[in-house]
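What follows is each chain in one-letter form.
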Amino acid sequence: MPIYFSPEVITPEYQVLNVIDAKNKGVGNVAFLFAEKKLYVYGILEEEEVGADFRDLVTPYIKGLVKAKPGLDILACLYVGCKKIKLNEEEEDS
């Protein structure tokens, strides 16, 4: 099932995006907070079957934000259901 971002609030300091499915049903949300040289990412998705799609949606979005503000440290906490998901292999090892 494809999922998409639907902006709720976007300011220079933070972004809150709803995660919706193809039927425009809300299945989660993600928030991005910019603080000096840090980017905090917090997201939760209710539907476990789209967990891989969630990671595939969030990862390039973060990469795009980093291109706009180079040198950001990224601190992410993303959950699908009650399980934490990892964005990259480095997180898998730690």
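Please refer to the structure higher up on the page.
Residues numbered from 1 in each chain as written. Predicted model: local features only at pLDDT ≥ 70, side-chain atom pairs only at ≥ 80, totals over all residues. Heavy atoms only, no water.

J.: Could you give an account of unusual backbone geometry, with specific residues and numbers?
T.: Negative phi values dominate among residues other than glycine, just as trans dominates among peptide bonds. Its identity is not glycine, yet Asn-24 carries a phi of approximately 65°, on the positive side. Structurally, Asn-24 is set in the loop between strand E2 (14-21) and strand E3 (26-35). Residue class for Asn-24 comes out exposed when judged on its relative accessible area of 59%. A positive phi angle is found at Glu-36, which is not glycine, with a value near 50°. By secondary structure assignment, the location of Glu-36 is in the loop between E3 and strand E4 (38-45). (Helix = DSSP H or I, 4+ residues; strand = E, 2+ residues; numbered from the N terminus. Buried < 20%, exposed > 50% of the residue type's maximum accessible area, 1.4 Å probe, protein only.)

J.: Would you mind going over the pattern of salt bridges in detail, with residue names and values included?
T.: This structure, assessed with the given rule, holds 3 salt bridges. The partner of Lys-25 in a salt bridge is Glu-47, with the nearest N and O atoms 3.4 Å apart. A residue pair is termed long-range when its members are at least 10 positions apart, and Lys-25 in the loop between E2 and E3 and Glu-47 in the loop between E4 and helix H1 (51-68) qualify at 22 residues. When the shortest N-O distance is used, the salt bridge between Lys-83 and Glu-48 registers 3.8 Å. With a gap of 35 residues between them, Lys-83 in strand E6 (residues 83-85) and Glu-48 in the loop between E4 and H1 connect regions that are remote in the sequence. Judged by relative accessible area, which is 47%, Glu-48 ranks as partly exposed. (Salt bridge = Lys/Arg side-chain N within 4 Å of Asp/Glu carboxyl O.)

J.: Which residues make up the environment of Pro-70, and what values do they have?
T.: Relative to the helices and strands, Pro-70 resides in the loop between H1 and strand E5 (73-80). Separated by 33 residues in the primary sequence, Pro-70 and Lys-37 have C-alpha atoms spaced 8.7 Å apart.

J.: I'd like a description of the sheet that holds E5, backed by residues and values.
T.: In spatial order, the strands read E1-E2-E3-E4-E5-E6; together these 6 strands make up an open sheet with mixed pairing. Each edge of the sheet is formed by a strand with only one pairing partner; in this case those strands are strand E1 (3-10) and E6. Averaged over neighbouring strand pairs, the angle between their axes works out to 20° when direction is ignored. Summarising the sheet, E2 and E3 pair through 7 bridges and their orientation is antiparallel. Each bridged residue has a counterpart across the sheet, and for Val-16 the counterpart in E3 is Ala-31. (Pairing = 2+ DSSP bridges. Axes fitted to C-alpha atoms, helices over the stretch in contact; angles between N-to-C directions.)

J.: Kindly report on the packing of aromatic side chains, identifying the contributing residues and their values.
T.: Under the criterion given, the structure shown has 2 aromatic pairs. For the ring pair Phe-5 and Tyr-61, a centre distance of 5.1 Å and an interplane angle of 75° mean the geometry is edge-to-face. Of the two residues, Phe-5 is situated in strand E1 and Tyr-61 in helix H1; the sequence distance between them amounts to 56 residues. With a relative accessible area of 25%, Tyr-61 lands in the partly exposed category. Ring centres of Phe-32 and Tyr-61 lie 5.1 Å apart, and the angle between their planes is 35°; on these two criteria the pair is classed as tilted. With a gap of 29 residues between them, Phe-32 in strand E3 and Tyr-61 in helix H1 connect regions that are remote in the sequence. (Phe/Tyr/Trp six-rings, centres within 6.5 Å; stacked < 30°, edge-to-face > 60°.)

Read these as spatial facts, not as claims about activity.
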